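Read off the chains here:
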Amino acid sequence: MRADDRIIFRINGTEKEAFMAKVHKENKKPSEVLISLVRRYLEEEEQSQTLDLEQIKLRLQEHENKLEILENKLLGESAA
């Protein structure tokens, strides 16, 4: 996939110098690191939404189980 867009933002000089020094030390390109961060950020969002849905499913199952127990108790008391 060819990159054809830009994001421009400001950062303080100290942070920029530290970032550039670390990138240079790791023999990477600044854009390579930033693109990696953006991709990880986007994946986190997707994973978070999936996790939320899984949590909802689990809670729903728990409530269904509790409801079944209560129904069984109520039917047992009615029969007695």
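Residues numbered from 1 in each chain as written. Predicted model: local features only at pLDDT ≥ 70, side-chain atom pairs only at ≥ 80, totals over all residues. Heavy atoms only, no water.

Asks: What is the right way to read the overall build of the protein from this model?
Replies: A count of helices and strands for the protein gives 2 helices and 0 strands. Counting every position in the protein, which comprises 80 residues, the buried fraction comes to 2%. Counting only carbon and sulfur atoms, one obtains 55% of the accessible surface of the protein, whose full area is about 8400 Å². (Helix = DSSP H or I, 4+ residues; strand = E, 2+ residues; numbered from the N terminus. Buried < 20%, exposed > 50% of the residue type's maximum accessible area, 1.4 Å probe, protein only. Areas by Shrake-Rupley, 256 points an atom, 1.4 Å probe, with all protein chains shown as cover.)

Asks: Got a minute to help me understand unusual backbone geometry in this structure?
Replies: Most peptide bonds take the trans configuration, and most residues that are not glycine carry a negative phi. One non-glycine residue, Asn27, adopts positive backbone phi at about 55 degrees. Counting through the fold element by element, Asn27 comes out in the loop between α1 (13–25) and α2 (30–79). In this structure Asn27 comes out as exposed when scored by relative accessible area, which is 72%.

Asks: Just checking my understanding: could you explain a nonpolar patch on the surface for this structure?
Replies: A cluster of nonpolar side chains, Ile7, Phe9, Ile11, Leu34 and Leu37, forms an exposed patch at the surface whose accessible area comes to about 500 Å². Locating Ile11 in the fold gives a position in the segment before α1. Owing to a relative accessible area of 42%, Ile11 belongs among the partly exposed residues under this scheme. (Patch = residues over 30% accessible without salt bridge, like charges linked within 9 Å, V, L, I, M, F, W, Y side chains within 5 Å. Salt bridge = Lys/Arg side-chain N within 4 Å of Asp/Glu carboxyl O.)

Asks: Mind showing me how you'd approach the pattern of salt bridges here?
Replies: Where charged atoms from two side chains of opposite charge approach closely, those side chains can pair. Applying the stated criterion across every chain, the model contains 1 salt bridge. Among the salt bridges present, the one from Lys28 reaches Glu26, with a minimum N-O distance of 3.6 Å.

Asks: Would you take a moment to explain α1 for this structure?
Replies: Every α-helical turn comprises 3.6 residues, leaving residues that sit three or four positions apart pointing alike. For α1, with 13 residues, the first-to-last C-alpha span of 18 Å sits near the 18 Å given by 1.5 Å per residue. Of the residues flanking the start of α1, the one acting as N-cap is Asn12, its side-chain oxygen 3.1 Å from the backbone nitrogen of Thr14. One or two positions beyond α1, positive phi appears at Asn27, with a value near 55 degrees. (Expected span 1.5 Å × (residues − 1). Polar contact = N/O pair within 3.5 Å; in protein donor to acceptor, adjacent residues only side chain to side chain.)

Asks: Got a minute to help me understand a negative patch on the surface in this structure?
Replies: Negative charge collects at one region of the surface, where Glu43, Glu44, Glu45, Glu46 and Asp52 lie side by side. Looking at the element boundaries, Glu45 is found in helix α2. (Lys, Arg positive; Asp, Glu negative; His and termini not counted. Charge placed at Lys NZ, Arg CZ, Asp CG, Glu CD.)

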